[in-house]
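# Overview (structure and organization)
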Amino acid sequence: MKVYLKVWRQRNAQDPGRFVDYTVDGINPDMSFLEMLDVLNNRLISQGEDPIAFDSDCREGICGTCGLYINGRPHGPLPRATTCQVHMRHFKDGETIVIEPWRAKAFPVIKDLVVDRSAFDRIIQAGGYISVNTGQAPDGNAIPIPKEDASKAFDAATCIGCGACVAACKNASAMLFVAAKVAHLGRLPQGRIEARERVLNMLSQMEKEGFGGCTNTGACEAECPKGISLENIAFLNREFIKAKISF
Amino acid sequence: MTLYSISDKKLDGKCPTGPIEKRWTQHKASLRLVSPANKRRLDVIVVGTGLAGSSAAASLAELGYNVKVFCYQDSARRAHSIAAQGGINAAKNYMNDGDSVFRLFYDTVKGGDYRARESNVYRLAEVSANIIDQCVAQGVPFAREYGGYLDNRSFGGVQVSRTFYAKGQTGQQLLLGAYQALMRQVARGQAVLYSSHEMLDLVVIDGKARGIIARNLITGELERHGAHAVVLCTGGYGNVFFLSTNAKNSNATAIWRAHRRGAFFGNPCFTQIHPTCIPVSGDYQSKLTLMSESLRNDGRIWVPKKKDDPRKPTEIPEEERDYYLERRYPAFGNLVPRDVASRAAKERCDAGYGVGPSKMAVYLDFSDAIKRMGRAAIEAKYGNLFEIYQLITDENPYETPMRIYPAVHYTMGGLWVDYNLMSTIPGLFVCGEANFSDHGANRLGASALMQGLADGYFVLPYTIGDYLADDIRTPKIDTRHEAFEEAEKSVNERIEKLLSVRGKTPVDVLHRKLGLTMWDYCGMSRNAEGLKKALQIIDDLEDEFWKDVAVPGTGKEWNRELEKAGRVADFFELARLMCLDALHREESCGGHFREEYQTEDGEALRRDDLFSYVAAWEYTGHRQPPVLHKEDLIFEYCKPTVRSYK
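Here we summarise the structure given alongside this text.

Rules used throughout
- Residues numbered from 1 in each chain as written.
- Chains lettered and ligands numbered in written order.
- Predicted model: local features only at pLDDT ≥ 70, side-chain atom pairs only at ≥ 80, totals over all residues.
- Heavy atoms only, no water.
- Pairing = 2+ DSSP bridges.
- Helix = DSSP H or I, 4+ residues; strand = E, 2+ residues; numbered from the N terminus.
- Axes fitted to C-alpha atoms, helices over the stretch in contact; angles between N-to-C directions.
- Phe/Tyr/Trp six-rings, centres within 6.5 Å; stacked < 30°, edge-to-face > 60°.
- Buried < 20%, exposed > 50% of the residue type's maximum accessible area, 1.4 Å probe, protein only.
- Contact = heavy atoms within 4.5 Å.
- 1 Å grid on protein atoms, 1.4 Å probe; cavity = no way out; pocket = protein on both sides within 12 Å on 5 of 7 lines; lining within 4 Å.
- Points joined across faces, edges and corners; volume = space filled by probe spheres on them.
- Nonpolar A, V, L, I, M, F, W, Y, C, P; charged D, E, K, R; others polar.
- Expected span 1.5 Å × (residues − 1).
- Polar contact = N/O pair within 3.5 Å; in protein donor to acceptor, adjacent residues only side chain to side chain.
- Buried area = accessible area lost by both parts, 1.4 Å probe.
- Salt bridge = Lys/Arg side-chain N within 4 Å of Asp/Glu carboxyl O.

It is worth spelling out the sheet that holds strand E8 (residues 208-216) of chain B at this point. Residue and element names in this part refer to chain B. Read from one edge of the open sheet, 3 strands run E7-E8-E9, paired in antiparallel fashion. Both outer strands of the open sheet, strand E7 (197-205) and strand E9 (222-226), are each paired with one neighbouring strand and no more. Averaged over all pairs of adjacent strands, the angle between their axes in this sheet comes to 25°, without regard to strand direction.

Moving on, we get to the packing of aromatic side chains. In total, this model carries 31 aromatic pairs over all chains according to the counting rule given. On the basis of an interplanar angle of 75° and a centroid distance of 6.1 Å, the ring pair of Trp24(B) and Tyr419(B) is categorised as edge-to-face. Linking Trp24(B) in helix H1 (residues 20-30) with Tyr419(B) in the loop between strand E17 (414-415) and strand E18 (428-430), this pair joins segments that are 395 residues apart in sequence. Judged on exposure class, the residue Trp24(B) and its partner Tyr419(B) are both buried. Pairwise contacts between aromatic rings join Phe107(A), Phe120(A), Phe177(A) and Phe211(A) into one cluster.

Here we come to the environment of Cys165(A). All names here are of chain A. Mapping cysteine 165 onto the fold places it in helix H4 (residues 164-168). For the pair cysteine 165 and cysteine 220, spaced 55 residues apart in sequence, the C-alpha to C-alpha distance is 4.2 Å. Non-local contacts of cysteine 165, meaning those with residues more than four positions away in its chain, are made with Ser173, Leu176, Phe177 and Cys220.

Turning our eyes to something else, we now look at empty space enclosed by the protein. If you walk through the whole model with that rule in mind, you get 10 cavities of 30 Å³ or more. Approximately 850 Å³ is the volume attributed to the largest cavity. With 4 residues, helix H12 (residues 448-468) of chain B is the single largest residue contributor to the lining of the largest cavity. Of the residues that constitute the lining of the largest cavity, the class distribution is 19 nonpolar, 24 polar and 6 charged. In this structure, the second largest cavity encloses a volume near 450 Å³. Residue lining of the second largest cavity: 35 residues in total, with Asn249(B), Asp508(B), Arg560(B), Glu561(B) and Lys564(B) positioned closest to the centre. Sorting the residues of the lining of the second largest cavity by element identifies helix H1 (33-46) of chain A together with helix H14 (507-521) and helix H16 (560-584) of chain B as the ones contributing at least two each. For the lining of the second largest cavity, the element with the most residues is H16(B), which contributes 6 residues. The residue makeup of the lining of the second largest cavity, split by class, is 11 nonpolar, 11 polar and 13 charged.

As a further point, take H1(A). All names here are of chain A. An ideal rise of 1.5 Å per residue puts 20 Å on 14 residues; H1 measures up with 20 Å between its terminal C-alpha atoms. Burial analysis of H1 places 11 of its 14 residues in the buried class, the great majority of the element. For H1, the full list of buried residues reads Phe33, Leu34, Glu35, Met36, Leu37, Asp38, Leu40, Asn41, Asn42, Leu44 and Ile45. Glycine 48, located one to two residues past H1, shows a positive phi value of around 80°.

Residue and element names in this part refer to chain B. Relative to the helices and strands, glutamate 631 resides in strand E22 (residues 627-632). A distance of 2.8 Å separates polar atoms of two side chains, one belonging to glutamate 631 and the other to arginine 117. With residues up to four places along the chain from it excluded, the contact list for glutamate 631 reads Leu11, Gly13, Arg117, Trp416, Phe436, Tyr613 and Val614.

For the rest of this paragraph, the subject is the interface of chain B and chain A. With 73 residues of chain B in contact, the opposing surface of chain A contributes 72 residues. Carbon and sulfur atoms make up 52% of the surface buried where chain B meets chain A, a total of about 6,100 Å² over both sides. Looking only at chain B, the three residues that lose the most surface to chain A are Arg78(B), Tyr284(B) and Trp558(B), adding up to 13% of its buried area. Between Lys287(B) and Glu60(A) there is a salt bridge, with the nearest N and O atoms lying 2.6 Å from each other.

Written out as structure tokens, the structure is:
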């Protein structure tokens, strides 16, 4: 098959950037989307041209490194999949595909399709952990946890930190990312002890980083490759109110 | 030309003696301590933020050392431990099924085909229970039973259920626990994080590891970082094969550069080919995806009894299927160790019974399990794995069997370390997959996560103090020292050399050729003739690389092709050592199967009288014959026998 690409090219953060057209043919529908870009890049390299900068690592949907805005959707057309899990069989022969980076003030572009997401690390540093030193832990079975709580905590904890929620949000809010961590830890008895500080500090860091506020449009949930639920934002809101009224 | 020379001095792993169950306790009591006031004056560099790196960096910072931690990823949370699926072993005996520290130790030594150190493996089994406790306290959401207690499942090569898990995302959950512990230390200022930084050389001053040269991958700047000790937790080198289950950017540069600076490389030919991966589908393929070993708890592996059977798998009746693992290994069935399962799949496919378009695949079938437990139960246990399979292959594994084939997954070999996890360069410690220590010639499933976290949480924090106790009066390492000057200069020259070739062939193309050569001659089975041929091909490919590689752009910007070129240049050198090690080890053991040494029914034939040792290789120069140092392996508790799973 053959596709026409419109790819965002931007030398660095200062460069205003522009779309550049490429035609890629001889594509096998079983290729992954990123393998299609590999083929194009190797062609550009052989011709002495600058390859398109994009990032990826595990290529199995778990590390959260890849993230392209494809035809107006984070991670492309497939629900519950990262960019690296999208295959060319999900596109039509002859289709025009527009590829952009995540666009958010808090995620400045490094080059072409690669953005700086270190803001997420700083949000976790603000409180996305349980304060336990190595060696302090009691026996693993000393704190039984209801299966349902453990399972909801797990669902929240499957966030891969890719930033699709931010890219999908009209406010470029990181609320789903923050909520997933607040809910993961807050639903477990070990995490209750620091619950109040956690929600306040993580939200304040989110603001400082330049992410927008949440207006509950639900775009984040719709585009999250791991299906992180809006329920977590409701949980975060409860935690926030509790934190504000309890001393 | 002689390929290598042999040192007549035996290498000493410095393992404690005495009753095995007391060795680690007594050793810990004899290790020297560093006072809190002195820890504040000591700097430690940790390279890599997978399970070993994050856990080591967090634990060392908690102790009060000044930690600098480096990763090439844009966030520490993305290290490839994140992709580990099935689980983590621990001798908790929560299942009341007869497990114990000794049994985990025994299973691991036997699973490694008697090529690991008893003392190390016993310590690993001993601290395994603490790991689970630590992770639970951090909030790792392990699977639980309805009563609220932790659940376990079974993995290959064992007859108890000792594997803790979080669906098929155990590695992700364990890594996030360690990452969060590390982020807490970064917030406290006790650890400084350098993400998007790649270590390109080790700095050795007066024979001691004193720092690294790192490249900022965003700006391209080279940076000097000094420390009193350096800890490498940079994972394995499976990407030598190009196609593997490793992340695309996983590489061997840190350990290879340390090897060139004097660290011996242990058992480089011991690689693990994992039996259950999604098969190769085309020549554009960039990586292979694992289907967790946990699937073998409920899935049954088979091929048609008839060669080139054209029927769909669901149309082949029960009596015309060959459940070859259950047939050959009735005691362990589908849960034989990985090396055994992989070779058996290869044997069936080579004999013409393979399935799928390439005929290089076997079926992993869940229809019996779905009948037995219902679809919902299978979905709860393996849901995300089934989803991954369907995304890649466009086939529904609830309705038709999965097609699987072995793929490169893990490397048991790595930098040689002593019992204290210190390499042959004083002050250079190596943890996790990057070292060679605990898995012998074959790693059992769910043991990699255990080893990474054991090293980082519970071993290194004790042993590094013993080394640093001598350094409490050493001031901050001055990065203006001529050793830093020299190392930075050599890194710079190499980058310039890569950029100046200006050839026509992309890095990937040459890497793929190297990978194919290694897969053909140094993969699931090896022989002397093939290995010699591979050595020649590697030389030729390396020549071609330096004559014709195309690296665009400059060194002073984000340049992924330049990063890749540097890593592949190191892979050529490492590939040569892997083939040489495989050629020298004239026996079959674990994942190292030499066709010349097999039993009548095709099982691996160990030669304990000749090869019961660790092969630790010393670098002597590019394409120069390395020196082989032997560390004898002594078995006092697990007497080597023929490893039988029948």
